[in-house]
Amino acid sequence: MEVKILSAKFKLKNANKITVAKKHGAYATLGKLFAMKPEDVIEEVKKSGLRGRGGAGFPAGVKWGFLPKNTGKPIYLAVNSDESEPATFKDRYILVKDPHMLIEGIIICSYAIGSHETYIYIRGEYTTQVRVLQAAIDEAYAAGYLGDSVAGHDFKLNVTVHRGAGAYVCGEETALLESIEGKKGQPRSKPPFPAVAGLYGCPTIINNVQSIASLPFIIDKGADAYKVYGTEKSPGTHLFGISGHVEKPGMYELPLGLPILEVIDKVAGGVWKGRKLKGIIPGGSSTPVLLPEEAQDVTLDYESMAAHKTMFGSGGIVVLDETVDIVALVKNLIDFYHHESCGQCTPCREGLGWMLKIIKKILRREGSMDDVLLLRELCDNIEMKTVCVLSAACTMPVRSYLDKFRHEFEAYVQDASASAQVKQE
Amino acid sequence: MADTIKLFVNGVEVEVETGKNLIDAIGAVGIEIPHLCYHPALGADGNCRMCLVGIEDGRPPLVPACKTPAQAGMKVLLDAAHIKKIQRDVMELELINHPTDCPICDQAGECKLQDYYMTYGRPESRMTVPQVQKSKKLDFGCGVVHDQERCVTCGRCVRFCREITKTGELGIINRTDDARVNIFPGRPINNRYALNVVDLCPVGAMTSKDFRFKQRVWFLKKAPGICHGCAKGCNITIEHNREKYQDDIIYRFRPRLNRQVNGYFMCDAGRLSYRQENEGRLLAARLGSQIRPLEDVLAACTREIEQAGKIAILLSPNCSLEQMVAVKALAAKLQASLSGFSTGYIKEGDGDGLLIEDDKAANRAGLALLGIDCSRESFEKAVRDAQLLINFNNDLTRTYSDSELKKLLKDTKVIIAATHDDRLSAMADIAIPVATSSEYAGSLINCHNILQTFAGAVSRNHKPANIGEIAAKLGSPLQSRAEQFAELRKYLSVLKDFEADTVPAEGLKLNESEAANVTA
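Residues numbered from 1 in each chain as written. Chains lettered and ligands numbered in written order. Predicted model: local features only at pLDDT ≥ 70, side-chain atom pairs only at ≥ 80, totals over all residues. Heavy atoms only, no water.

Quick notes on the packing of aromatic side chains
In plain terms, the rule: Each pair of aromatic rings taken from Phe, Tyr and Trp, with Trp reduced to its six-membered ring, is defined by centres within 6.5 Å and is described as stacked if the planes are under 30 degrees apart, edge-to-face if over 60, and tilted in the remaining cases. Numbering of helices and strands runs from the N terminus; a helix is a DSSP stretch of H or I covering at least four residues, while a strand is a stretch of E covering at least two. Geometrically, a lysine NZ or arginine CZ counts as sitting over a ring once it is within 6 Å of the ring centre and also within 35 degrees of the ring normal.
This structure, assessed with the given rule, holds 23 aromatic pairs over all chains. With a centroid separation of 6.2 Å and 55° between ring planes, the pair formed by Tyr76 of chain A and Tyr119 of chain A is classed as tilted. Here Tyr76 of chain A is found in strand E1 (residues 76–81), whereas its partner Tyr119 of chain A is found in strand E2 (residues 117–122), with 43 residues between them in sequence. Connected via pairs of aromatic rings, a cluster forms that spans Phe34, Tyr111 and Phe155 of chain A. Directly above the ring of Trp272 of chain A sits Lys273 of chain A, whose terminal nitrogen or CZ lies 4.1 Å from the centroid. Over the ring of Tyr345 of chain B we find Arg398 of chain B, and its NZ or CZ is 4.1 Å from the ring centre.

Some points on the nonpolar core
Residues and elements named next belong to chain A. Spelled out, the test is: Each nonpolar core is a collection of buried residues, namely Ala, Val, Leu, Ile, Met, Phe, Trp, Tyr and Cys, held together in the definition by side-chain atoms within 4.5 Å. Throughout this description, buried means an accessible area under 20% of the type-specific maximum (1.4 Å probe, protein chains only), exposed means over 50%, and partly exposed covers the range between. Only heavy atoms enter the contact rule, under which two residues are in contact if any of them lie within 4.5 Å.
Membership of the largest hydrophobic core comes to 61 residues, with the highest contact counts inside it found for Tyr27, Trp64, Leu102, Ile106 and Ile107. Top contributing element to this core by residue count: helix H6 (residues 99–113), with ten residues. Apart from residues lying up to four places away in sequence, Trp64 is in contact with Ile42, Val45, Cys109, Ala112, Ile113, Ile205, Asn207 and Leu215. The next biggest cluster of nonpolar side chains, apart from the first, holds 57 residues, and it includes Cys170, Leu320, Ile326 and Ile362.

Details of the side chain of Thr174 of chain A
All names here are of chain A. The following threshold applies: The definition of a polar contact used here is a pair of N or O atoms within 3.5 Å, where within protein one atom must be able to donate a hydrogen and the other to accept one, and adjacent residues in sequence count solely through side-chain atom pairs.
For Thr174, the position within the fold is in helix H8 (residues 173–180). On the basis of relative accessibility, which here comes to 2%, the residue Thr174 falls in the buried class. A polar contact of 2.6 Å, which involves the side chain of Thr174, links it to the side chain of Glu172. A polar contact of 2.9 Å, which involves the side chain of Thr174, links it to the backbone nitrogen of Arg188. Here Thr174 is in contact with Gln186, Pro187, Arg188, Lys190 and Pro194, once residues within four sequence places are set aside.

Here we look at the sheet that holds strand E7 (residues 144–146) of chain B
Residues and elements named next belong to chain B. Here is the rule: A pair of strands is labelled paired if DSSP reports no fewer than 2 bridges between them. Angles shown run from 0 to 180 degrees and are taken between the N-to-C directions of axes, each axis being a line fitted to C-alpha atoms and, for helices, limited to the stretch in contact.
With antiparallel pairing, three strands are arranged side by side in an open sheet as E6-E7-E10. The open sheet has two edge strands, strand E6 (138–141) and strand E10 (206–208), and neither has a second partner. Pairwise comparison of adjacent strand axes, ignoring direction, gives a mean angle of 35° for this sheet. Pairing geometry for E6 and E7, over three bridges, is antiparallel. By the bridge assignment, Leu138 is partnered in E7 with His146.

Some points on the interface of chain B and chain A
So the rule is basically this: Put simply, buried area is the surface a 1.4 Å probe can reach on two separate parts but cannot reach once they are joined, added for both. By definition here, a salt bridge exists when the distance from a side-chain nitrogen of Lys or Arg to a carboxyl oxygen of Asp or Glu is within 4 Å.
Counting from both sides, the interface comprises 34 residues of chain B and, opposite them, 32 residues of chain A. In total, about 2500 Å² of surface goes out of reach between chain B and chain A, with carbon and sulfur atoms giving 50% of it. When the buried area of chain B at its contact with chain A is split by residue, Leu93, Arg175 and Thr176 of chain B rank highest and sum to 28% of it. In this assembly, chain B and chain A are joined by three salt bridges. Residue Glu377 of chain A is joined to Arg126 of chain B by a salt bridge in which the shortest nitrogen-to-oxygen separation is 2.7 Å. For the pair chain B and chain A, the number of links is 21 residue pairs in polar contact (both at pLDDT 80 or more).

Thoughts on the domain arrangement of chain A
All names here are of chain A. What counts, and what does not: What counts as a domain boundary in this text is fixed by an automatic or database domain assignment. When residues are grouped by polarity, Ala, Val, Leu, Ile, Met, Phe, Trp, Tyr, Cys and Pro land in nonpolar, Asp, Glu, Lys and Arg in charged, and all others, Gly among them, in polar.
Segmentation of chain A into domains returns domain 1 (18–227), domain 2 (237–321) and domain 3 (326–424). Each of domain 1 and domain 2 has a C-alpha centre, and these two points are 27 Å apart. Each partner contributes to the interface: domain 1 provides 16 residues, whereas domain 2 provides 19 residues. For Glu303, the salt bridge is made with Arg51, and the minimal N-O distance between the two is 2.7 Å. For the side of domain 1 that touches domain 2, a count of residues per class yields six nonpolar, six polar and four charged.

Quick word on the state of the cysteines
The following threshold applies: Throughout, a disulfide means two cysteine sulfur atoms within 2.5 Å of one another.
What the rule picks out here adds up to zero disulfides over all chains. Here Cys345 of chain A is not cross-linked by a disulfide; its sulfur's nearest cysteine counterpart is in Cys342 of chain A, at 6.3 Å. There is no disulfide at Cys227 of chain B, and the cysteine sulfur nearest it, in Cys234 of chain B, is 6.1 Å away. Since its relative accessible area comes to 7%, Cys227 of chain B is described here as buried.

Some details on the domain arrangement of chain B
Residue and element names in this part refer to chain B. The domain architecture assigned to chain B consists of domain 1 (4–95), domain 2 (131–208), domain 3 (220–278) and domain 4 (286–519). Here the C-alpha centroids of domain 2 and domain 3 sit 23 Å apart. Of the residues lining the interface, eleven residues belong to domain 2; the matching set on domain 3 comes to eight residues. Interface area, domain 2 with domain 3, both sides summed: about 720 Å², of which 55% is carbon and sulfur.

What to know about the layout of surface pockets
All names here are of chain B. To be explicit about the condition: Two kinds of site are reported from a 1 Å grid over the protein atoms alone, namely cavities, where a 1.4 Å probe fits but cannot get out, and pockets, open sets with protein on both sides within 12 Å along at least five of seven lines, and residues are called lining when an atom falls within 4 Å of a point. Grid points are joined across faces, edges and corners, and a volume is the space filled by probe spheres set on the points.
Looking at the second largest pocket, its volume works out to about 920 Å³. As for the second largest pocket, its lining consists of 45 residues, of which His228, Gln276, Asn318, Arg398 and His420 are closest to the centre. Of all the secondary structure elements, the ones that give two or more residues to the lining of the second largest pocket are strand E11 (221–226), strand E12 (235–242), helix H6 (268–272) and helix H7 (274–278). Each residue belonging to the lining of the second largest pocket can be placed in one class, and the counts come to 20 nonpolar, 16 polar and nine charged. For the lining of the second largest pocket, the two domains that each supply at least three residues are domain 3 (220–278) and domain 4 (286–519).

Overview of empty space enclosed by the protein
Residue and element names in this part refer to chain B. Across all of its chains, the model carries six cavities of 30 Å³ or more by this definition. Reported here for the largest cavity is a volume of approximately 200 Å³. What lines the largest cavity is a set of 19 residues, among which Val198, Asp199, Ser208, Phe211 and Arg252 lie closest to the centre. Elements supplying a minimum of two residues to the lining of the largest cavity: helix H5 (196–200), E10, strand E13 (248–255) and H6.

This is the structure in structure tokens:
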């Protein structure tokens with residue numbers, strides 16, 4: 001099932017070094033690239049159907065088309081390498097194993113959109129990654145792939161690595177821009193969208209590491225070669241991080257559209273210790289959970305996930321076995337999103353804290369059914385009332401656990417009322 | 001009138017001005033969209049989420065009104081069930097960690113949270129878990145005391161210090177429900193407009209050390225006034241109250257919106273100048289050091305005037321235009337010299353281009369308009385020649401040292417019409433208590449040649465007279481404010497269609513020829 005498009009060089013020793021990477025084809029597309037017109041590059045990417053790999057799945061070529069023409073302002077490219085969604089561990093492989101693929105992708109994207117300045121926003125916790133990436137960038141400058149004349153062509157490109165300070169919300173594209181600008185990482189109201197007014201008020205394209213890293217293959221082999229993989233609406237391959245209660249957790253490159261249960265069984269070795277499957281988090285902690293029976297006909301692509309009222313997300317699949325305490329899981333989940341709320345909008349700032357206290361109360365077996373219902377209602381009251389979707393990233397999965405595993409919450413509050421009764425007697 | 005467009009609010013067509021966001025555009029026709037973080041002077045931030053409104057057929061269907069420009073044909077939903085629910089839900093979330101200490105909160109009675117709770121809230125609290133606890137009393141400097149628990153982190157104060165004063169002392173630190181407004185350690189607020197953050201705060205989080213716990217706001221009577229602290233003439237609200245058996249006391253000045261003068265704000269010095277209206281007042285007429293009834297003292301003045309060969313009259317640059325014409329007429333009648341010498345009121349280099357002006361006199365332009373000589377030479381010559389100086393509240397101690405003053409006045413008797421009992425009135429032979437600017441009605445011309453009128457707000461127990469009345473009693477032919485105002489029309493053609501009480505609230509911009517008279 002596994003394919004080697006993005007991960008082709010991952011197993012190679014020292015593929016992060018430019019000499020090794022070049023031997024295996026790195027920067028080979030540039031000759032072809034600069035022979036193309038930028039609009040043809042955009043057209044090819046549109047044709048490939050490449051969708052943003054950050055989680056939202058917005059078609060990359062279409063996004064580039066939103067850039068206004070001839071504004072007289074510089075166009076920026078920001079590469080989102082904040083990868084902070086729990087259960088997501090794909091971009092880190094690209095950064096460490098094959099950073100030159102990313103740099104080549106940056107050259108392709110920059111040429112297509114007419115940008116000469118790229119910022120790679122990398123999460124602060126990625127210390128190894130930032131070191132390896134920076135070394136690769138230095139090599140690329142030295143080899144003439146970055147700088148005033150990219151590979152000898154009349155195209156200037158500078159790449160700057162910007163380290164985050166450890167905020168999940170800075171993976172939200174406008175918070176990321178604020179952070180690069182040196183401000184507190186808080187999402188901006190949209191509109192205006194970054195393509196119109198982004199970094200320093202200039203037109204800006206923000207793409208995920210994996211989206212950018214997919215470009216060399218698309219330009220080299222062509223859109224049709226890319227579309228061989230995946231489904232019609234979700235073409236290509238994806239780096240899936242499979243974790244949780246499986247025998248062989250890890251990062252696997254797979255074409256989109258495979259049945260999720262088959263992937264868990266055949267690629268990740270199935271639920272560990274012979275236990276039963278309780279649920280699947282399909283694409284990072286913010287995606288609504290799938291029950292085993294729901295997962296029967298779910299395939300790993302954007303459409304199938306949406307049809308099952310969840311999301312493809314970041315490809316971070318978490319497998320939950322029968323021993324998982326869902327109430328404790330939900331507490332863990334709310335704890336994370338509460339901690340990471342930037343504190344800007346009232347519903348998220350106040351609401352997630354309230355939800356956390358309620359779930360803790362339930363977990364202490366001090367809650368009542370009213371608390372469970374309130375928690376459920378708060379999901380609706382908070383969601384989509386805020387500038388960004390961080391609050392929804394918490395409420396959507398929490399709602400799914402409350403709806404699909406209601407009996408576990410009820411058990412906790414029944415225990416509570418029973419022990420209260422004992423005390424009274 | 002600006003261009004207008006038509007849009008729909010709850011299905012009803014309304015005509016609004018173009019170029020405004022939904023809150024302002026719809027607010028101007030009397031339909032309120034609740035909001036906490038938006039303030040017209042600070043722009044939209046969009047963090048409170050109280051102003052979310054529905055847009056029928058819109059993409060997205062739910063928008064923050066503060067960030068959404070009013071557009072023709074827009075179908076705005078305000079009273080749809082789902083919008084009302086959002087307002088109630090956001091209100092609930094604003095309140096869950098709010099201490100609800102309204103009984104001891106200065107803001108109670110003028111608090112947006114209270115108002116919105118009544119309009120959009122739900123009656124019962126569902127908060128059964130402990131609230132977030134934060135600091136209750138942080139001294140931010142410049143008389144600003146902050147209560148973090150009451151704060152809704154709307155960031156108005158932060159934006160004021162960044163965008164208006166450009167001093168940036170405040171910030172919101174921490175994330176999530178631990179977010180709180182604070183200063184940087186050891187770096188308190190340090191600007192001359194700091195107390196505006198107290199007005200801007202929609203809740204009771206920012207309090208004024210000066211006003212804290214002094215009065216419940218619903219007891220305060222509010223009257224419009226003009227600040228006399230400098231030549232800017234900021235529009236203010238005079239907030240005063242007469243407690244049982246007590247005098248009518250001013251508790252605070254607050255800025256009042258006038259777009260062509262001061263906008264929404266005023267400086268701290270002007271704001272705190274209300275204290276001078278309350279304190280150190282000259283409460284009774286004095287002959288020498290003896291307190292006498294006003295009638296007796298005025299009779300004594302008349303005798304002094306009759307006996308004096310030459311009389312010099314001095315006006316304060318803070319006097320109203322009405323007072324100035326009355327005194328000018330008196331000077332003509334008595335064939336006295338008239339001066340407005342007051343260079344001591346000017347603090348060179350103190351102005352900041354924002355609201356504070358170098359000239360600490362409220363109506364120097366009035367002196368120029370009436371052609372009153374303000375030179376030092378002619379004033380000093382007039383005093384030396386005269387046997388009697390009648391000083392209408394010009395604070396000469398601003399211009400002269402005590403010894404200089406004693407030397408200047410050694411051969412001259414002095415009658416002073418004074419608001420305050422100070423060194424100057426102590427030096428006078430006769431002192432008559434007069435009203436301060438919060439106690440009479442009048443008009444002023446500010447440094448931008450805008451004529452503004454104000455009405456008396458406060459009535460003090462000692463019933464100080466208006467300088468215009470004193471001038472009239474001493475012989476000025478202009479006996480009433482109406483007569484004084486009629487006299488003013490001779491100088492100001494812009495007044496031809498107005499009476500003293502019909503001058504528009506935003507003031508009258510003098511036309512060019514009149515402005516030229518003023519600056520000449």
